[in-house]
Amino acid sequence: MKNKKSKQKQPKYLYRDAEGNPEFAKIQFEDDWECPCGPDAMRDSFWPCDNFGNLFDPSVDSRKYKILCKYCGRIFHPSTGQVLGRRNVDYVDKEHIRVYG
């Protein structure tokens, strides 16, 4: 018999910080979020996006969305606030104008 090594499965989009711990946004209320980078929702820094951080208008597109921090590029799960990934946000303002007009 062959000895099979057991593999630990990681969640599909789990993003970890430098110490290896999962990151989360601080959520006080449904619309009051604080990103680990510091900005809060009062400055309109969180926008709907897909799994890769591409912005879209949820009123036009009904697919499930994630949340993007426009300052650091972290992508959050909308209900748990867990960081699922990151993207480059150098041109995110232009993308926002394209999506929302």
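What you see is a predicted model; the values in this text were computed from it and never measured. (Residues numbered from 1 in each chain as written. Predicted model: local features only at pLDDT ≥ 70, side-chain atom pairs only at ≥ 80, totals over all residues. Heavy atoms only, no water.)

Draft legend 1. Region of interest: the pattern of salt bridges. Tallied over the full model, the rule gives three salt bridges. In this structure, Arg74 engages Glu23 in a salt bridge whose closest nitrogen and oxygen atoms are separated by 3.0 Å. One end of the pair, Arg74, is in strand β5 (residues 74-76); the other, Glu23, is in the segment before β1 (26-29), with 51 residues separating them in the sequence. (Salt bridge = Lys/Arg side-chain N within 4 Å of Asp/Glu carboxyl O. Helix = DSSP H or I, 4+ residues; strand = E, 2+ residues; numbered from the N terminus.)

Draft legend 2. Main features of the nonpolar core. Counting residues in each nonpolar core, the largest one holds nine residues, listed as Ala25, Trp33, Cys35, Phe46, Ile67, Cys69, Cys72, Phe76 and Val83. If we ignore the near neighbours within four places in the chain, the residues touching Cys69 are Cys35, Cys37, Ser45, Phe46, Arg74, Phe76 and Val89. Of all hydrophobic cores here, the second largest spans eight residues; its members include Trp47, Leu68, Ile75 and Val92. (Core = buried A, V, L, I, M, F, W, Y, C linked by side-chain atoms within 4.5 Å. Buried < 20%, exposed > 50% of the residue type's maximum accessible area, 1.4 Å probe, protein only. Contact = heavy atoms within 4.5 Å.)

Draft legend 3. Region of the structure containing helix α1 (residues 92-100). Those residues of α1 that fall on the buried side of the exposure criterion are Val92, Glu95 and Val99. Viewed along the axis of α1, the buried residues span an arc of 55 degrees, placing them on a single side of the element. Looking at α1, the residues exposed on the side facing more than 90 degrees away from the buried face are Lys94 and Ile97. Those residues of α1 that are buried lie in contact with β3 (46-49) and β4 (66-69). Just downstream of α1 lies Gly101, where phi reads positive at about 75 degrees. (Arc of directions from axis to C-beta.)

Draft legend 4. Representation of the side chain of Arg87 in the model. Topologically, Arg87 is positioned in the loop between β6 (83-86) and α1. By relative accessible area, Arg87 is classed as buried at 17%. Side-chain polar atoms of Arg87 contact the backbone oxygen of Gly53, separated by 2.6 Å. Residue contacts for Arg87: discarding those within four places in its chain leaves Phe52, Gly53, Asn54, Leu55, Leu68, Cys72, Gly73, Val92 and Glu95. (Polar contact = N/O pair within 3.5 Å; in protein donor to acceptor, adjacent residues only side chain to side chain.)

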